[in-house]
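# A closer look at the structure
One letter stands for each residue in the lines below.
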Amino acid sequence: MQEQILSMLVDAAENGDICLSGSKIAEQLGISRAAIWKHMQTLRQRGAVLEAVPKKGYTLKNGGDLLLPGAVKFKTKVIGRSYTYMPYIDSTNLEAKRRARQGAPEGLVVLAEDQGAGRGRMGRQWHSVAGKGLYFSVVLRPPDMPLHQAPLLTPVVAAAVRKALATHTGLEVVIKWPNDLLVSGRKLGGILLEAGGEADRLSYGVIGIGLNVNLAPCDLPPALRETATSVLIEKGQPVRRRLLFQDILTYLDEYYLHYLAEGSGGILAEYKSHCHTLGRRVSLQDDRGIQVGRAVELAGDGSLIVQLDEGDITVVRAGDVHCL
Ligand code: BTN
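Before going into details, it helps to say that this report is about the structure given with it.

Calculation notes
- Residues numbered from 1 in each chain as written.
- Predicted model: local features only at pLDDT ≥ 70, side-chain atom pairs only at ≥ 80, totals over all residues.
- Heavy atoms only, no water.
- Salt bridge = Lys/Arg side-chain N within 4 Å of Asp/Glu carboxyl O.
- Helix = DSSP H or I, 4+ residues; strand = E, 2+ residues; numbered from the N terminus.
- Buried < 20%, exposed > 50% of the residue type's maximum accessible area, 1.4 Å probe, protein only.
- Contact = heavy atoms within 4.5 Å.
- Polar contact = N/O pair within 3.5 Å; in protein donor to acceptor, adjacent residues only side chain to side chain.
- Pairing = 2+ DSSP bridges.
- Axes fitted to C-alpha atoms, helices over the stretch in contact; angles between N-to-C directions.
- Phe/Tyr/Trp six-rings, centres within 6.5 Å; stacked < 30°, edge-to-face > 60°.
- Near = heavy atom within 4 Å.
- Areas by Shrake-Rupley, 256 points an atom, 1.4 Å probe, with all protein chains shown as cover.
- Nonpolar A, V, L, I, M, F, W, Y, C, P; charged D, E, K, R; others polar.

### Regarding the pattern of salt bridges
Enumeration according to the criterion identifies 17 salt bridges in this entry. Two residues, R98 and E95, come together in a salt bridge whose shortest N-O distance is 2.8 Å. Linking R98 with E95, this pair stays in helix α4 (residues 92–101), spanning three residues, or about one helical turn. E95 gets classed as buried once you look at its relative accessible area, which sits at 10%. Taking the shortest distance from any N to any O, the salt bridge between K97 and E194 comes out at 2.9 Å. Taken as a pair, K97 in helix α4 and E194 in strand β8 (residues 186–198) lie far apart in primary sequence, 97 residues in all. With respect to burial, K97 and E194 carry one shared label: buried. Each of D90, E95, R98 and R99 takes part in one network of salt bridges that share partners.

### Details of the environment of K132
With respect to the secondary-structure elements, K132 resides in the loop between β4 (108–115) and β5 (133–140). Taking the C-alpha atoms as reference points, K132 and L43, 89 residues apart in sequence, are found 19 Å from one another. Apart from residues lying up to four places away in sequence, K132 is in contact with V213, N214, L215, D219 and R241. At 2.9 Å, the side chain of K132 forms a polar contact with the side chain of D219.

### So, the sheet that holds strand β14 (residues 321–323)
By definition, the strands of a sheet pair up through backbone hydrogen bonds, in either a parallel or an antiparallel sense. Read across the open sheet, the five strands follow the order β13-β12-β11-β10-β14; overall the sheet is antiparallel. Strands with a single pairing partner mark the edges of an open sheet, and in this sheet they are β13 (313–316) and β14. Direction aside, neighbouring strands of the sheet carry axes that sit 40 degrees apart on average.

### A short note on unusual backbone geometry
Of note, the amide linkage connecting W177 to P178 takes the cis form, showing an omega dihedral of 0 degrees. Inspection of the secondary structure assignment puts P178 in the loop between β6 (173–176) and β7 (180–183). Non-glycine residue K55 carries a positive phi angle of around 65 degrees. Of note, K55 is situated in the loop between β1 (50–53) and β2 (57–60). Even without being glycine, M122 reaches a positive phi, approximately 55 degrees. Here M122 lies in the loop between β4 and β5.

### Topic: the packing of aromatic side chains
Two descriptors summarise a pair of aromatic rings, namely the distance from one centre to the other and the angle between the planes of the rings. In the structure shown here, the tally under the stated rule is four aromatic pairs. Taking 6.1 Å as the distance between ring centres and 40 degrees as the angle between the ring planes, the aromatic pair formed by Y83 and F245 counts as tilted. Of this pair, Y83 sits in strand β3 (residues 82–89) while F245 sits in helix α7 (residues 241–262), placing them 162 residues apart in sequence. A relative accessible area of 16% means that Y83 is categorised as buried. Under the relative-accessibility criterion, F245 is labelled buried at 0%. Their ring planes at 75 degrees and their centres at 4.9 Å tell us that F136 and F245 sit as a pair that is edge-to-face. Here F245 lies in helix α7 and F136 lies in strand β5, a separation of 109 residues in the sequence. As far as the burial class goes, F136 and F245 line up, both buried. Joined through ring pairs, the aromatic side chains of F74, Y83, F136 and F245 make up one cluster.

### Concerning the pairing of β2
With four bridges joining them, β1 and β2 adopt antiparallel strand pairing. Bridging from a neighbouring strand, V53 pairs with G57 of β2.

### Things to note about the site of the ligand
The immediate surroundings of the ligand are formed by 21 residues, with S91, Q115, R119, R121 and K187 found nearest. At 2.6 Å, a backbone N or O of R121 approaches an oxygen atom of the ligand. Within the side chain of K187, one N or O atom sits 2.5 Å away from an oxygen atom of the ligand. Relative to its free-state accessible area of 410 Å², the ligand is covered by the protein chains to the extent of 99%. Secondary-structure elements contributing two or more residues to the shell around the ligand are α4, β5, β8 and β9 (201–212). Among the elements that make up the shell around the ligand, the one with the highest residue count is β8 (four residues). Its residues placed into classes, the shell around the ligand shows six nonpolar, eleven polar and four charged.

Dropping the structure here:
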C-alpha cells in the first residue's frame, strides 16, 4: 500500500500537481484517511520529505532523489523485474549473490543507501557515503554461457552505464579498461562482476555498480582525493539520483537484451570508442613482474591486448593496468 501511495505522490509531483489530496488517495486505494496518515508517517521515517497542506493534501518534496520502492519507475523488460531497497547492507554484491544462490530471478536489483563493506576489484574496498551515491547490484542469468565467458558482461554493463551517465549528466565519461568510469582523468564509478556456476554453465552473474553521485570533496577520504571525483564535483551541482538510476536501468536493459539477441560485437565497438586505455602506454603486473607497453586492441572476449616494449604481445584477461 505504501508503495502505491509513494508512486501516486511521485506521479503527482512529476505531473506538476502541487498537492495530492487525501480523499483522492482514499478513493483510489479504498483506505481510510487515518490509514493514509499512518502510511505518510512511515514514508517520512523512510526518508520521504512530505509536506501536509491543510485542506489540500500532501506534497512530496524530494521525489527526484528517493530510491524507495514505488518511487523508482521501471521502464525495462528484464532489469528491475524484482527490486530490493535497503537503507544499509554489508555489500549489495554479497546480498545479490546470497539471493542468486537461493534462486532469485534474473533482473533482480539490490540497492543500498549505504554499505559497510563495499567491495571493489582485486580485493579492494569501495567507499560508500550514505544517501549520496548509487550502490546497486543486478542478478543476470544469460542462458548457455560458459563460466569463462562471464567477463564479457563487464564491457556490456560498462558501455551501458557510461552511455547513461554521459547522456544524463552531459559529462564526458570514458572507460578505463576494464571497468572504471572516469571523468577528467578521475574515477567516478566502478563495476564489479562476480559469477557463479559450473565450468560449462554460468548459473548467475552479479554485476555491482558503484557511482559517486552527490559526494562533495569532503566526502572523499584523503587517500582518494587526487584520484576520485563525483558528478557533483564535476558539474558543480547535485543531480537527482532516482532519475539517474532510472536512466541507468533503462540503458542496462537495452544493452543486455541487445547482447543476448545480437552478440557482443556492436557493444564492444562502442566500448572501444570510449575506452581511454586503448592506444596508451600502460604498465601491468603479471607473473613476470611489472611490464610496460602499449594497449593496442580489445579482444573479442573483452581482454586487453598489449604490445610490450620488449617485443612480445600479451593478453590481459584480469588484473590491473596503469596508464603512463
Ligand atoms: C571497482 O571499481 O573496483 C568496482 C567497484 C564496485 C562497487 C560497487 S558498489 C555496489 C556493489 N556492491 C559492492 O560491494 N561493490 C559494488
